[in-house]
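Spelled out, the chains give:
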Amino acid sequence: MQSNMPRGTIEVDALREAPQTMSGSEMLLGNAYRPWPARITSMRDLTANEKLVEMRFIDERVREAFVHEPGQFLELSLFGVGEAPISITSSPTKQGFVELCIRRAGTVTSALHSMHAGDIVGIRGPFGRGFPVDKFRGNDVLIVAGGLGIAPVRSLINYIHDNRSDFGKVTIVYGSRTPSDIMFRDQFEMWRHRKDFELYLTVDHPDDTWDGEVGVVTEPMKRLDINPANTYGVVCGPPVMYKFVVQVMREKNIDYDHIYLDFERHMKCGMGKCGHCQIGHQYCCIDGPVFNYWEAKNIQGSM
Ligand SMILES: Cc1cc2nc3c(=O)[nH]c(=O)nc-3n(C[C@H](O)[C@H](O)[C@H](O)COP(=O)(O)OP(=O)(O)OC[C@H]3O[C@@H](n4cnc5c(N)ncnc54)[C@H](O)[C@@H]3O)c2cc1C
């Protein structure tokens, strides 16, 4: 039968119902290969190439059972199209939905960009090791992000925001290629006006609208007043950034043990089974995507 549904959507009724006796966590853990249907509840442009997409699991038990850590990712399925790993950009402090920031890159992400609120997707996960927020608690946190690297880091920033008294000084340095590439401008405005967040925005290539800082993220970092004894550093962005950001963190005497890096590698299963993201003895999907400096040092081409 010819369907007139857009590509990548599926009728909820066509999905097999889980037995009512199963709890949400049993369902999620029961078959980690199975995508759970979720509805797109909102979609908005962040830039010309990135969208912020909010999704809610259709099954209430799954919705309630789904908990994640800042820095974890999920596998997003578009039925009949494929699957892609995407960081969860919403904070675990906000339950009942997940937000993803999706750049149009290839097959799955381009198909997602042509979908709309109300369409159905599949979600597996959450997967991976996120940021060690328990170690950060009680300490200062320096977060350095470039480009799309803001996606997983936003989950961490919002988590800290919602538990603000648990953390010390929080400094955010975010770099974009151009002013129109800056994502989450509204949130940056909010963080900029809070006295308990120190925020630095910089762009590589300014235009007429930009009266802020120009240059790479390491420039504002060099001016920072850091207490190395109790500062944790977080880095997420394009591969070229890591080496230079870590160098400045070291110049500021932040201990290697206190530096965490979030890596992207091509991956498939998300569970350490298929080997697509294997680097040496590590699997990016289960040992990462967040690695301590010492673990990251062994990842080829990262530092
Ligand atoms: C942990 C993690 C978190 C991520 N978080 C986000 C996020 O929050 N937002 C976001 O937009 N993206 C994120 N990504 C990146 C996203 O998963 C990739 O861009 C993914 O390839 C998109 O799928 P696609 O089908 O749209 O693109 P693809 O069709 O897979 O193509 C994307 C690009 O990758 C190339 N490519 C595909 N497979 C390979 C391969 N095996 N080796 C080399 N090159 C290949 C293609 O040629 C193309 O240039 C994340 C990736 C990881 C691993």
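Just above, that's the structure.
Residues numbered from 1 in each chain as written. Predicted model: local features only at pLDDT ≥ 70, side-chain atom pairs only at ≥ 80, totals over all residues. Heavy atoms only, no water.

Engineer: Quick question: what am I supposed to make of the site of the ligand here?
Structural biologist: Looking at the ligand, there are 19 residues lining it, with Pro 85, Cys 101, Arg 103, Val 108 and Thr 109 nearest. Contact distances for the ligand include 2.8 Å between a nitrogen atom and a backbone N or O atom of Cys 101. The contact in question runs from an oxygen atom of the ligand to an N or O atom on the backbone of Val 108, over 2.8 Å. Against a free-state accessible area of 960 Å², the protein chains account for coverage of 66% of the ligand. Those elements giving two or more residues to the shell around the ligand turn out to be strand S4 (82-87), strand S5 (98-103) and helix H3 (107-113). (Near = heavy atom within 4 Å. Polar contact = N/O pair within 3.5 Å; in protein donor to acceptor, adjacent residues only side chain to side chain. Areas by Shrake-Rupley, 256 points an atom, 1.4 Å probe, with all protein chains shown as cover. Helix = DSSP H or I, 4+ residues; strand = E, 2+ residues; numbered from the N terminus.)

Engineer: It is not clear to me how unusual backbone geometry should be interpreted in this structure. Could you clarify?
Structural biologist: Both trends apply: most residues other than glycine have a negative phi, and most peptide bonds are in trans. Of note, the amide linkage connecting Gly 125 to Pro 126 takes the cis form, showing an omega dihedral of 5°. In this fold, Pro 126 is placed in strand S6 (residues 120-127). A cis amide bond links Gly 288 to the next residue, Pro 289, at an omega of 10°. As for its placement among the helices and strands, Pro 289 is situated in the loop between helix H9 (284-287) and strand S15 (290-292). Phi at Phe 184 is positive, roughly 60°, even though this residue is not glycine. Considering the arrangement of structural elements, one finds Phe 184 in the loop between strand S8 (170-176) and helix H6 (185-192). Here the phi dihedral of Asn 253 falls at roughly 65°; this positive angle occurs in a residue that is not glycine. The residue Asn 253 is located in the loop between helix H8 (239-251) and strand S12 (259-262) in this model.

Engineer: Would you mind showing me how to read the sheet that holds S5 here?
Structural biologist: Each strand in a sheet pairs with another by means of backbone hydrogen bonds, the pair being arranged parallel or else antiparallel. Within the open sheet, the six strands sit side by side as S4-S3-S6-S1-S2-S5. Their pairing is antiparallel. Each edge of the open sheet is held by one strand with a lone partner, namely S4 and S5. Put simply, the sheet's adjacent strands are angled 40° from each other on average, direction ignored. Looking at chain direction, strand S3 (residues 73-78) and S4 are connected through six bridges and run antiparallel. Opposite Glu 75, over in S4, you have Pro 85 as the bridge partner. (Pairing = 2+ DSSP bridges. Axes fitted to C-alpha atoms, helices over the stretch in contact; angles between N-to-C directions.)

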